[in-house]
Amino acid sequence: MNEIIRVENLTFAYRRGEYLFKDLSFSVYRGDFFCIVGPNGAGKTTLLKIILGLIKAQSGRILVNSKRVGYVPQRISVERFFTGTPAELFRAVAPKQKVGWIISFLHLENVLHRPYVKLSGGEQQKVLLSIAFLKDPDLLILDEPTTGLDIHAQEHVEEFLRTARKDKTLVVVSHDLGFVVRNATKVLCLGMQECRLVEPQDLKTMLVDIYGLH
Ligand SMILES: Nc1ncnc2c1ncn2[C@@H]1O[C@H](COP(=O)(O)OP(=O)(O)OP(=O)(O)O)[C@@H](O)[C@H]1O
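Residues numbered from 1 in each chain as written. Predicted model: local features only at pLDDT ≥ 70, side-chain atom pairs only at ≥ 80, totals over all residues.

This brings us to the sheet that holds strand β7 (residues 169-173). With respect to topology, 6 strands assemble into an open sheet ordered β5-β6-β7-β3-β8-β9, the strand pairing being mixed. Edge positions in the sheet fall to β5 (69-72) and β9 (196-198), since each has one partner strand and no second. The mean inter-strand angle of the sheet, taken between neighbouring strand axes irrespective of direction, is 15 degrees. Contacts between helix α1 (residues 44-51) and the sheet are confined to β3 (33-37), β6 (139-143) and β7, with β6 contributing the most and set at about 155 degrees to the helix. (Pairing = 2+ DSSP bridges. Helix = DSSP H or I, 4+ residues; strand = E, 2+ residues; numbered from the N terminus. Axes fitted to C-alpha atoms, helices over the stretch in contact; angles between N-to-C directions. Contact = placed C-beta atoms within 7 Å.)

The following block contains the structure:
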């Protein structure tokens with residue numbers, strides 16, 4: 001089956017009457033690079049969590065047709081349960097020959113043997129992304145994978161996602177509209193009166209509605 005995610009008539013509010021989504025329906029298909037955009041607070045992370053089953057919606061149906069799902073959240077705090085190094089993490093998830101190319105692709109050589117918790121936010125993000133890919137999920141959900149990265153790291157991560165995704169299905173929340181236009185196969189725009197699914201080339205015209213830009 002090519003439909004990997006189906007969201008049907010999803011309605012959700014954290015507070016009674018303050019809806020983030022009302023009757024939202026869309027599908028994600030195998031091999032999609034499906035991007036979700038929208039202003040702060042529009043509900044992008046919430047939607048990912050609903051798809052992942054971490055939050056329950058008030059009504060609607062979510063079907064996920066994937067045996068192996070990977071998720072890299074916006075921020076992750078591991079201080080309390082992991083004191084090791086990226087090298088140890090890599091060793092735990094994949095054989096050495098599978099890890100090498102990712103380390104050089106994302107320029108992680110210099111951080112491999114330092115305590116993970118002492119790495120910068122951007123370095124940690126690249127390590128988490130690597131781990132997620134090494135676990136070889138068929139559906140990978142990424143919340144702002146390029147946020148907080150310097151311009152070189154952003155390019156490396158973008159190139160990495162393009163190269164490593166192969167037949168994987170990606171669902172990616174991003175504020176980087178250039179990244180979205182360059183990579184997305186479909187874009188879901190949140191934060192308007194009505195959420196809309198658009199083709200990447202039509203995104204620019206949507207910006208006027210979403211952000212009030214001219
Ligand atoms: N657990 C919660 N309880 C109540 N309200 C919440 C909760 N989590 C998020 N919200 C609110 O719901 C709205 C959507 O939050 P969410 O994190 O999904 O937005 P987002 O589109 O991912 O934003 P950003 O671009 O800033 O990351 C925000 O107004 C937020 O304050």
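Back to the write-up after that little detour.
Attention now moves to the confidence of the model for the protein. Counting all residues, the mean pLDDT for the protein is 90, and 96% of those residues have values of 70 or more. The element-level mean pLDDT for the protein is lowest in helix α7 (residues 203-211), coming to 73, with β7 highest at 98. For this predicted complex, the interface confidence score (ipTM) comes to 0.98, while the overall pTM stands at 0.92. (pLDDT = per-residue confidence, 0-100.)

So, about the environment of I50. As for its placement among the helices and strands, I50 is situated in helix α1. Along the primary structure I50 and K118 are separated by 68 residues, whereas in three dimensions their C-alpha atoms are 31 Å apart. Excluding its chain neighbours within four sequence positions, the residues that come into contact with I50 are L10, F12, I55, A57 and I62.

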